[in-house]
Amino acid sequence: MAEEESYHEMLRRDFGELIESLPLPELEKHALRSRWLDQVTWMEGRADHARNRYYFLRLTAILGGVIIPALVSLNVTGDVLATVRWVTFGISLAVAITSALEEFFHYGDRWRNYRRTVEFLKIEGWLFFQLAGPYEQFSTHKLAHRAFASRVEEMIRQDVQVYISEIVKEREQREEEEDEGEDNGDEPMPGF
């Protein structure tokens, strides 16, 4: 946790110093700090959070999936058998819960989305700071600022669009699955 905080602090400090060094009016510097830098640091934090959750859930499911067959294959009797059964049950439950949580929250997808967007924002910032790429045509940062702000807002808009469309898509898929389950007349097997 401390490493993440120090990286975020370093990122904010370094980019903040770059922003302060630009020959821009204070209003435009404030806009850079409040919108671009704020989004970069916020998305860095969200990407790290989602990655950590994803790794924890996936690692738990993978390790549990490896351990369960080993426990089941043990040839034990007596009190040890009861203990092994309870441990196997507990690990199976943990695997099921972590898999369900990942399926529900999509931490892996969130991590990749935040990571992609924050990297695009950082690239755009570096291009702006250096007046390179799409900003080569501008002789000053002041002249390039409006184009930079527009491009950043477009990236943020696209990120929000992807996030919302994924939520809508997931909801529609769940509704379709529920409708199919109700409409196909499937009856549960006896005993289940």
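Note that the coordinates shown come from a computational prediction; the quantities given were computed from them, not determined experimentally.

Caption draft 1: Inspection of the overall build of the chain at higher detail. In terms of helices and strands, the chain carries five helices and zero strands. Each helix (α) and strand (β) of the chain, taken in turn from the N terminus, gives the series α-α-α-α-α. For the chain, the C-alpha radius of gyration of 25 Å lies well beyond 16 Å, the compact-globule estimate for 192 residues. Across its three principal axes, the chain shows a C-alpha extent of roughly 80 × 45 × 25 Å. Of the contacts formed within the chain by residues at least 6 apart in sequence, a portion of 68% connects residues at least 24 apart.

Caption draft 2: Local environment of a nonpolar patch on the surface. On the surface, a cluster of nonpolar side chains totalling about 450 Å² of accessible area is made up of L59, I62, L63, V66 and I67. Residue position: I67 is located in helix α2 (residues 26-72). Residue I67 is classed as partly exposed on the basis of its relative accessible area of 38%.

Caption draft 3: Layout of the confidence of the model for the chain. Averaged over all residues, the pLDDT of the chain equals 90, while 91% of them reach at least 70. Scored below 50 in pLDDT, residues 187-192 shows zero contacts in the model against residues more than four places distant or in partner chains.

Caption draft 4: Molecular detail of the packing of α2 against helix α4 (residues 107-130). Packing of α2 against α4 leaves a shortest axis separation of 8 Å and a crossing angle of 150 degrees. In this view, α2 runs roughly antiparallel relative to α4, as classed from their interaxial angle. The handedness of the crossing between α2 and α4 comes out as left-handed. Along the lines of polarity and charge, the residues of the contact of α2 with α4 split into 17 nonpolar, four polar and 10 charged.

Caption draft 5: Seen up close, the packing of aromatic side chains. By the definition in use, this model includes 17 aromatic pairs. Their ring planes at 85 degrees and their centres at 5.5 Å tell us that W36 and F129 sit as a pair that is edge-to-face. Here the residue W36 occupies a position in helix α2, and F129 occupies one in helix α4, the gap between them amounting to 93 residues. Of the residues examined, F129 reaches a relative accessible area of 11% and is grouped as buried. Each ring, one from F128 and one from F129, has its centre 6.1 Å from the other, and the planes form 55 degrees; the classification is tilted. Members of the aromatic cluster, connected to one another through ring pairs, are F15, W36, W126, F128, F129, Y135 and F148.

Quick notes on the rules
Residues numbered from 1 in each chain as written. Predicted model: local features only at pLDDT ≥ 70, side-chain atom pairs only at ≥ 80, totals over all residues. Heavy atoms only, no water. Helix = DSSP H or I, 4+ residues; strand = E, 2+ residues; numbered from the N terminus. Rg over C-alpha atoms; globule rule 2.2 N^0.38 Å. Contact = heavy atoms within 4.5 Å. Patch = residues over 30% accessible without salt bridge, like charges linked within 9 Å, V, L, I, M, F, W, Y side chains within 5 Å. Areas by Shrake-Rupley, 256 points an atom, 1.4 Å probe, with all protein chains shown as cover. Salt bridge = Lys/Arg side-chain N within 4 Å of Asp/Glu carboxyl O. Buried < 20%, exposed > 50% of the residue type's maximum accessible area, 1.4 Å probe, protein only. pLDDT = per-residue confidence, 0-100. Axes fitted to C-alpha atoms, helices over the stretch in contact; angles between N-to-C directions. Parallel < 35°, antiparallel > 145°, perpendicular 65-115°, else oblique. Left-handed = near helix turned anticlockwise from the far one by under 90°. Nonpolar A, V, L, I, M, F, W, Y, C, P; charged D, E, K, R; others polar. Phe/Tyr/Trp six-rings, centres within 6.5 Å; stacked < 30°, edge-to-face > 60°.

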